[in-house]
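Architecture at a glance
One letter stands for each residue in the lines below.
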Amino acid sequence: MYSVEIRSKEKLFDVSETLYGLFFEDINRAGDGGLYAELLRNRAFDEGVLPEGCKYDPQEKVILSPTGWRSSFDCWEQEGIVGWETRGGAEICLTEKDTLNSNRRRALQVHFHGGELLNSGFWGIPLEKGSQYRFYMFAKSDTPVSVRVSLASEKGERYAEHTFTVAGDYTKYECMFTSDAADHSARLVLSSREDCNVLLGFTSLFPKDTFMGRENGLRRSLAERLLALKPAFLRFPGGCIVEGFTKETAYRFRDTIGPVWERKPHWLLWSYMTTNGLGFHEYLQFCEDAGIDAMYVFNCGMTCQGRCPDYFEEDLIREFYEDTVQAILYATAPADTEWGRRRAENGHPDPFHVLKYIEIGNENWGVQYDTRYRFFYEKLKEQFPQLHYISTDHTERAGLKTEMVDEHFYSSPVFFAANTGMYDSLDRDGVDIYCGEYASTIGCKEGTLYGALGEAAFLTGIERNQDKVKMTSYAPLFQNVNHVSWEPDLIVFNNHVDYGIPSYHLLKMFAENRGSYVCGHNIVTESSRRRESGCFRGMDNVCVQGDRFTTVWEGDSLHIRFWDKGTDGEDQDHYDWIAENGRSQVVHFNGWSRETICEKIPCRLSQRNTAEIITDRDSFQIILNGVLLHSRTLEPLPHLTGVCTVDSASGEIITKLVNFSDKAIPVRISCDRETEDCADITVLTGESLDARNSFENPEAVSPFAERIEIPADHTLQIRPRSINVIRQKIRK
Ligand code: AHR
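All values derive from a computational prediction rather than experimental measurement.

If you tally the helices and strands in the chain, you get nine helices and 46 strands. The C-alpha atoms of the chain give a radius of gyration of 28 Å, which matches the 27 Å a tight globule of 732 residues would have. Counting over 732 residues, the chain shows a buried share of 59%. For the chain, the share of sequence-separated contacts (at least 6 apart) that also reach a separation of at least 24 residues comes to 73%. Split by element, the accessible area of the chain, about 29000 Å² in all, is 46% carbon and sulfur. Across the chain, the 80 positively charged side chains and the 111 negatively charged ones have centroids separated by 2 Å.

Attention now goes to the site of the ligand. Surveying the vicinity of the ligand reveals the residues E25, I27, G239, C240, W270, N362, E363, Y410, E437, A475, P476 and W486. At a separation of 2.5 Å, an oxygen atom of the ligand approaches a polar side-chain atom of E25. Within the side chain of E437, one N or O atom sits 2.7 Å away from an oxygen atom of the ligand. Here the ligand loses 96% of its free accessible area of 280 Å² to cover by the protein chains. Its residues placed into classes, the shell around the ligand shows seven nonpolar, two polar and three charged.

Another aspect to go through is the nonpolar core. If you look at the biggest cluster of nonpolar residues, it comprises 136 residues, and the most contacted ones within it are F280, Y296, F478, F510 and I723. The residues contacting Y296, other than those within four sequence positions of it, are F236, P237, Y251, F253, F280, D323, A327, L355, Y357, I358 and E359. Counting residues in hydrophobic clusters, the runner-up holds 35 residues, among them L127, V145, V149 and A186.

If you walk through the whole model with that rule in mind, you get 56 salt bridges. One salt bridge connects R225 with D498, and the closest N-O pair in it is separated by 2.3 Å. A residue pair is termed long-range when its members are at least 10 positions apart, and R225 in helix α1 (residues 220-227) and D498 in strand β26 (residues 498-500) qualify at 273 residues. Overall, the relative accessible area of 18% leaves R225 in the buried class. Measuring nitrogen to oxygen at the nearest pair gives 3.0 Å for the salt bridge that ties R235 to E359. Remark: E359 occurs in strand β19 (residues 355-360) and R235 occurs in strand β15 (residues 233-236); sequence separation between them is 124 residues. Residue R235 shares its accessibility class with E359, and that shared class is buried. Beyond isolated ion pairs, a larger network of salt bridges with shared partners links R235, E359, D406 and E437.

We now examine the packing of helix α8 (residues 449-464) against helix α9 (residues 502-512). Where α8 meets α9, the closest approach of the two axes is 8 Å, and the angle between their N-to-C directions is 30°. On the basis of the axis angle, α8 is roughly parallel to α9. Like other packed secondary-structure pairs, α8 and α9 cross with a definite hand, here right-handed. In contact with L449, A452, E455, A456, L459, T460 and E463 of α8, α9 contributes P502, S503, L506, L507 and F510. Residue classes in the contact of α8 with α9 are distributed as eight nonpolar, two polar and two charged.

The next subject is the environment of K600. Mapped onto the elements, K600 comes out in strand β35 (residues 593-602). A residue is classified by how much of its surface remains accessible, and K600, at 46% relative accessible area, is partly exposed. On a C-alpha basis, the gap between K600 and F416 in space is 23 Å, while along the polypeptide they are 184 residues apart. If we ignore the near neighbours within four places in the chain, the residues touching K600 are R583, S584 and Q585.

Turning to the environment of R719, a few remarks are in order. With respect to the element layout, R719 can be found in the loop between β45 (714-718) and β46 (722-730). The partly exposed category is assigned to R719, whose relative accessible area is 30%. With eleven residues separating them along the chain, R719 and I708 place their C-alpha atoms 13 Å apart. Ignoring any residue separated from it by four or fewer positions in sequence, one finds R719 in contact with N659, A664, V683, T685, F704 and E706.

The next point concerns the packing of aromatic side chains. On inspection of all chains with the given rule, the structure shows 51 aromatic pairs. Taken together, a centroid distance of 6.1 Å and an interplanar angle of 65° make the contact between F280 and Y330 edge-to-face. Separated by 50 residues along the polypeptide, F280 in helix α3 (residues 280-290) and Y330 in helix α4 (residues 314-332) bring together distant segments of the chain. Plain terms: the ring middles of W563 and Y575 are 5.0 Å apart, the flat faces sit at 80° to each other, and that makes the pair edge-to-face. With W563 in strand β32 (residues 558-564) and Y575 in strand β33 (residues 573-580), this residue pair connects regions lying twelve residues apart in the sequence. One aromatic cluster is present, built from ring pairs that chain together F24, F236, F253, F280, Y283, Y296, Y330, W339, F478 and F493. Directly above the aromatic system of W123 lies the positively charged group of R41, at a separation of 5.4 Å from the ring centroid. Residue placement shows R307 over the ring face of W270; its charged tip is 5.1 Å from the ring centre.

Quick look at the pairing of β32 now. Buried residues dominate β32, accounting for five of its seven residues. Of the pairings in the sheet, the one linking strand β29 (residues 535-537) to β32 comprises two bridges and is antiparallel in character. By the bridge assignment, R537 is partnered in β32 with R561.

With glycine set apart, most residues show a phi of negative sign, and most peptide bonds adopt trans. The omega torsion of the bond from G238 to G239 falls at 15°, within 30 degrees of zero and hence cis. Within the fold, G239 resides in the loop between β15 and α2 (240-243). A cis amide bond links E487 to the next residue, P488, at an omega of -5°. As for its position among the elements, P488 is in the loop between β24 (478-480) and β25 (491-493).

Strand order across the open sheet formed by eight strands is β2-β15-β18-β19-β20-β21-β22-β23, with parallel pairing between neighbours. Edge positions in the sheet fall to β2 (22-23) and β23 (469-472), since each of these pairs with one other strand and no more. Of the strand pairs in this sheet, β2 and β15 are connected by two bridges, and their pairing is parallel. Residue pairing for β15: L22 is matched across the bridge by L234. The sheet contacts of α8 involve β21 (404-411), β22 (432-440) and β23, and relative to β22 the element is tilted by about 170°.

Moving on to helix α5 (residues 338-345). What α5 keeps buried is the set W339, G340 and R343. Buried residues of α5, viewed axially, fall in a sector of 105°; they line one side. Packed against the buried residues of α5 are α3 and α4. Residue G347 follows α5 closely and has a positive phi angle near 100°.

Calculation criteria
- The numbering scheme is per chain: residues are counted from 1 as the chain's sequence reads.
- Per-residue local features of the predicted model are confined to residues with pLDDT of at least 70, and side-chain atom pairs are confined, for both listing and counting, to 80 or more; whole-chain, interface and lining totals are unaffected and use all residues.
- Working from all heavy atoms in the structure, the side-chain values ignore hydrogens and water.
- Starting at the N terminus, helices and strands are each numbered in turn, a helix being any DSSP run of H or I of at least four residues and a strand any DSSP run of E of at least two.
- For the radius of gyration, the atoms used are the C-alpha atoms, and the globule rule reads 2.2 Å times the number of residues raised to 0.38.
- Exposure categories follow from relative accessible area, calculated using a 1.4 Å probe and restricted to protein chains: below 20% of the type maximum is buried, above 50% is exposed, and the middle band is partly exposed.
- We call two residues in contact when some of their heavy atoms are within 4.5 Å.
- The accessible surface values rely on the Shrake-Rupley method and a 1.4 Å probe; as for residues, cover is taken only from the protein chains in view.
- Within this scheme the basic residues Lys and Arg register as positive and the acidic residues Asp and Glu register as negative, but His and the chain ends are omitted.
- The location of each charge is read from NZ of Lys, CZ of Arg, CG of Asp or CD of Glu.
- By convention in these notes, a residue is near a molecule or strand provided one of its non-hydrogen atoms lies within 4 Å of it.
- Identification of polar contacts relies on pairs of N or O atoms within 3.5 Å, with a donor-acceptor requirement for protein atoms, meaning one able to donate a hydrogen and the other able to accept it, and with residues adjacent in sequence counted only if both atoms are side-chain atoms.
- Polar here means any residue outside two lists: the nonpolar Ala, Val, Leu, Ile, Met, Phe, Trp, Tyr, Cys and Pro, and the charged Asp, Glu, Lys and Arg; Gly therefore counts as polar.
- Side-chain atoms within 4.5 Å link the members of a nonpolar core, which is a set of buried Ala, Val, Leu, Ile, Met, Phe, Trp, Tyr and Cys residues.
- The salt bridge criterion pairs a side-chain nitrogen of Lys or Arg with a carboxyl oxygen of Asp or Glu, the two atoms within 4 Å.
- Note on geometry: axes are lines fitted to C-alpha atoms, helical ones only across the stretch in contact, with angles between N-to-C directions running from 0 to 180 degrees.
- Under this scheme an angle from 65 to 115 degrees is roughly perpendicular, one under 35 degrees roughly parallel, and one over 145 degrees roughly antiparallel; angles in between are oblique.
- Here a crossing is taken to be left-handed if its near helix is turned anticlockwise relative to the far helix by less than a right angle, and right-handed if that turn runs clockwise.
- Centres within 6.5 Å are what make two rings of Phe, Tyr or Trp a pair, Trp counting through its six-membered ring; a difference in plane orientation under 30 degrees is then read as stacked, over 60 as edge-to-face, and the rest as tilted.
- For a ring to carry a charge above it, either NZ of a lysine or CZ of an arginine must fall within 6 Å of the ring centroid while also lying within 35 degrees of the normal to the ring plane.
- For two strands to count as paired, DSSP must find a minimum of two bridges between them.
- This arc is taken over the directions from the axis of the helix to the C-beta atoms.

Here it is as structure tokens:
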């Protein structure tokens, strides 16, 4: 039996205007060669420089941080100059001497005696026929030499060219190209017929047609795809890249402003270098252009806690504090102040009025975080009381003043669907929640309909609680198919086309259909029992199959896994019975999410203990020394989840319904007001849970709209595996 009873006259609370936002992090090469429209790879020749303090292991192609974190490194400059190659007689080598400025660590020494120097961009340079491209380079030569720069095919067919005479000290040489052909695998070619030396300090090639036509701007198609989601805000720049895995790889605002050829690059924790061309100024400019709020995340004095952390000393924490203050002043101070002047020099005399939120750290927790949080929060709040501050942990539980907490979930579709009620019992007087990162990851890495279904069910739960859960953002946003660090990602692109995964379409549907207030409603659904399976793993880590496990254990702590699928890290899926420090609990570790299954209760371990776990398909019993300690039957999986809002302006009831099951379900819909007999329904569904989009078929899973009959007390067939938004007018 399935029904939706709508009480449209009962206004529960206004919708949260900020509910749907964006989280941008430079992961999967989302920045350079992605959203940041630069077309040349390794434009400043420093991509292969080892991050400070790290050692390189050429056998494994990894770098090792001082605290012991290993990270892949596939572009060491001594093994080749990434992005660049020569043909014919030209020779190149990197030099640390005579670089363009103190932030440029390398220059490229080119010796032409005939021959060519080529840059292949980010997996090819994409050119469109008739489009314009802005090129510049900083170059020097002791004697005047003629250098031809062209856009050409891989085989050497020229589409546009310009000849410069390079002479004397570093000078900026620039020109505008118009390509006379479309080629998505083109090259930039520098050549000279003379026998000569040229030193290159910096190079750049940008399409003229960027988002809002900005120089140093964003790839228009990608920016527009983001804005089609009708976001309310942008969280940036990360993510783990803010934390880094060494002091030097932590994000600093100061490195990301000013002329791009003077910006320091930054080795990202996702194993590549960013030019920082997409910097603080550009993020704020994007927010201003898009009419959305900005949320700046800063490093609060430690590196990533999941990657052999380094907890910074007081002096360094103060340095990060200063960096954050300067960032805020850069955004907000008048042009006649030091940081306002810097912003004006960079082309924006007026303050950016978009900066509204500040997040203190990313995914940081524990005592180390609490101490740092307090330090930053108290000082920043005093100096900038107008901003809203976000904590990455429940710092209010440590007695600290907390305005909003950022919670992250990366898990399975089942986790999301089963947790649609997660926020139903939130303390209405407690802190506000920002669900800053979430995605179905386990079992749906390619971005499937299944993933979107789980997320949609979860989001209906968030919409039902948007008086407290005020903001959300899916993560990650982008994937360059040629460099994948994390899957799935909302938008997949190569150097000239892009598409949204099913979750993209879900978010667009939900964000386009907000309404004004959440009204009373009641949803009745049938459910499926959950099927858990997997082995037991005791203290000795030996794997035991079956549905019953007994062990005898000595000591004052106990940790046993059950329903363990044998997966690790981001794919982990196991239930853990943990007894330590006089307390016992059961926790489900699912992807990067952690769900408490049995709350902590007191428990006394004696010298010698008999521990026993008995499982059935969705229930378990935990017995310690013959006494039942925990037992639980997991909540069934609801087939139907939903939320109802009223759009006061258009006089419509908006009903979002998610059918997580594989069967069509008849849903009886009733309402306390007379409604028109017809309604508009938008549906996202697919042939199977595994349905997905691709470059070949980018719209395979995309919404379609229908006009349907839906008279009073009507039974509507809801398609299997579907996400539905129904808009129905209230009769005057
Ligand atoms: O979104 C990918 C990563 O997931 C983010 O960098 C981090 O915050 C989280 O662990």
